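Structural features, examined
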Amino acid sequence: MSSISAGTTSGTALVSTGDTTGSLVLQTNGTTTAMTISTAQVVSLTSSLALLGATSGSVKMTAPAVAGTQGYTLPSALPTADGQSLVATTAGVMSWADAAAPTSLTVDFLVIGGGGGGANGGGAGGGAGGYRTSTGTSGGGGAAESALTLAIGTAYTVTVGGPGTGAVSTYAAGGFGFNSVLSSITSLGGGGGGSNTIDPSGGGGSGGGCQFLNSPFTGAAGTATQGYRGGNGPGVGSVNAGTGGGGAGATGTDKVGTGVDATTGGIGVQSSITGSSVYRAGGGGGGAQGSYGGGVAAAGGTGGGGAGTADGATGTAGTTNTGGGGGGGGYAGTSGNGGNGGSGVVFIQISSARTATFSGGVTSSVATVGAYKVYTVTATSTTSETVTFS
């Protein structure tokens with residue numbers, strides 16, 4: 001077997017061939033620049049092996065300081081598809097394998113409950129539905145919530161809350177809106193507006209306003225991080241008129257002084273989840289007597305809040321799929337009905353590489369917004385519908 005003793009050499013080719021154990025070829029001044037070693041040979045390098053780039057740089061592979069004794073056998077062929085990675089057996093035999101499929105995904109959302117109904121007969125406006133989102137400001141001054149992490153292939157509840165009913169009986173309060181749901185996120189329905197004999201509804205997303213002819217004089221409370229309270233009133237004692245319901249972005253307007261005009265509903269909150277900035281979840285405006293006894297009805301809050309009416313007319317309904325509160329009905333010797341609230345809505349934002357599939361009974365649409373698919377769910381037939389991601 002040929003050997004090379006310690007020393008230096010420069011400008012010459014070193015060639016060792018023809019023995020029974022293998023061959024070594026080092027050529028620096030010929031047509032080949034390579035090292036060739038037979039399969040029977042092992043090359044030992046201390047610490048690191050650096051592979052130099054053709055023009056600059058290097059790639060280094062380094063063994064641990066205490067390396068043990070181990071070996072790896074590389075695959076005999078290239079990967080069969082892009083994205084494959086090397087995997088190994090406990091014996092160090094390596095092969096190409098497809099990347100493991102993800103088991104979960106990130107889901108951003110905007111979930112709005114159904115708006116509360118307006119009260120009857122110069123009554124108050126209904127409160128907006130609760131407003132919860134991971135993509136901007138939530139209702140009631142709340143910050144953006146954390147996005148959901150949901151399992152692929154699992155069915156999750158999705159429900160669009162219906163509107164609260166406007167009051168139809170004399171001096172009756174408006175009805176609660178219904179909750180909207182996506183998985184663990186529940187946005188409460190808005191509270192109904194109050195009349196001169198019945199308190200406004202609290203405990204909803206946003207609270208209903210009050211009528212300020214007699215007691216009560218306080219708008220109902222909203223729910224933290226979902227919506228604001230309804231407007232307060234001083235108790236004028238001479239007319240049937242009401243304050244505005246709370247919105248997701250502000251309280252219903254309080255009644256100040258002894259005037260007989262109704263007050264406006266609270267403003268909603270803006271979101272750009274669909275690619276355009278839109279206000280939703282405004283409170284309903286208060287109703288008034290108008291020509292019958294003085295007083296001007298009030299507008300609903302920006303974001304789908306229904307306007308109040310005067311002279312015995314029916315209050316304006318909240319806008320569909322905004323969660324806006326219904327407007328208070330007017331009074332003119334006879335009581336106008338309160339306006340219905342606006343139905344809620346559910347927005348689901350996921351990577352454009354993913355897909356949402358809904359069970360029967362769900363009305364939805366999808367649009368591409370930048371790098372995302374945004375699903376808009378506008379109606380569900382029951383509270384048992386689901387969405388599954390793939």
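Right above here is the structure, for reference.
The paragraphs below set out a description of the structure included in this document.

Basis of the calculations
- Residues numbered from 1 in each chain as written.
- Predicted model: local features only at pLDDT ≥ 70, side-chain atom pairs only at ≥ 80, totals over all residues.
- Heavy atoms only, no water.
- Helix = DSSP H or I, 4+ residues; strand = E, 2+ residues; numbered from the N terminus.
- Buried < 20%, exposed > 50% of the residue type's maximum accessible area, 1.4 Å probe, protein only.
- Contact = heavy atoms within 4.5 Å.
- Areas by Shrake-Rupley, 256 points an atom, 1.4 Å probe, with all protein chains shown as cover.
- Pairing = 2+ DSSP bridges.
- Axes fitted to C-alpha atoms, helices over the stretch in contact; angles between N-to-C directions.
- Salt bridge = Lys/Arg side-chain N within 4 Å of Asp/Glu carboxyl O.
- Patch = residues over 30% accessible without salt bridge, like charges linked within 9 Å, V, L, I, M, F, W, Y side chains within 5 Å.

**Here we look at the overall build of the chain**
For the chain, the count of helices and strands is zero helices and 19 strands. Burial status across the chain gives 42% buried among its 390 residues. Sequence separation of at least 24 residues holds for 49% of the intrachain contacts in the chain that already meet a minimum separation of 6. Summing over all exposed atoms, the chain offers an accessible surface of approximately 17900 Å²; the carbon and sulfur share of this is 54%.

**Thoughts on the pairing of strand β7 (residues 104–112)**
Taken across its nine residues, β7 has seven buried, putting it largely inside the fold. Inspection of the sheet shows β7 paired to strand β9 (residues 148–151) by four bridges, in the antiparallel sense. Note on β9: the bridge partner recorded for Val107 is Leu148. Pairing between β7 and strand β15 (residues 345–351): five bridges, direction antiparallel. From the neighbouring strand, Asp108 faces β15, where its bridge partner is Gln349.

**Thoughts on the sheet that holds strand β11 (residues 180–182)**
The strand order across the open sheet built from five strands is β12-β11-β10-β19-β16, with neighbouring strands paired in antiparallel fashion. The open sheet has two edge strands, β12 (185–187) and β16 (356–358), and neither has a second partner. Between one strand axis and the next, the sheet turns by 25° as a mean value, whatever way the strands run. Two elements, strand β10 (residues 155–159) and β11, share two bridges in a ladder whose sense is antiparallel. The residue bridging Val158 from the neighbouring strand is Leu182, located in β11.

**A closer look at the pattern of salt bridges**
Enumeration according to the criterion identifies two salt bridges in this entry. In this structure, Glu145 engages Arg132 in a salt bridge whose closest nitrogen and oxygen atoms are separated by 2.7 Å. Here Glu145, found in the loop between β8 (131–133) and β9, pairs with Arg132, found in strand β8; they are 13 residues apart in sequence, far enough to count as distant. Owing to a relative accessible area of 18%, Arg132 belongs among the buried residues under this scheme. For the salt bridge of Arg229 with Asp254, the shortest nitrogen-to-oxygen distance reads 2.9 Å. Here Arg229, found in the loop between β12 and β13 (269–271), pairs with Asp254, found in the loop between β12 and β13; they are 25 residues apart in sequence, far enough to count as distant. Judged by its relative accessible area of 26%, Arg229 is partly exposed.

**Things to note about a nonpolar patch on the surface**
Together, Leu49, Leu51, Val59 and Met61 line one region of the surface with nonpolar side chains, adding up to about 360 Å² of accessible area. Put simply, the parts of the chain that give the nonpolar patch at least two residues each are β3 (48–52) and β4 (58–62). Secondary-structure assignment places Val59 in strand β4.

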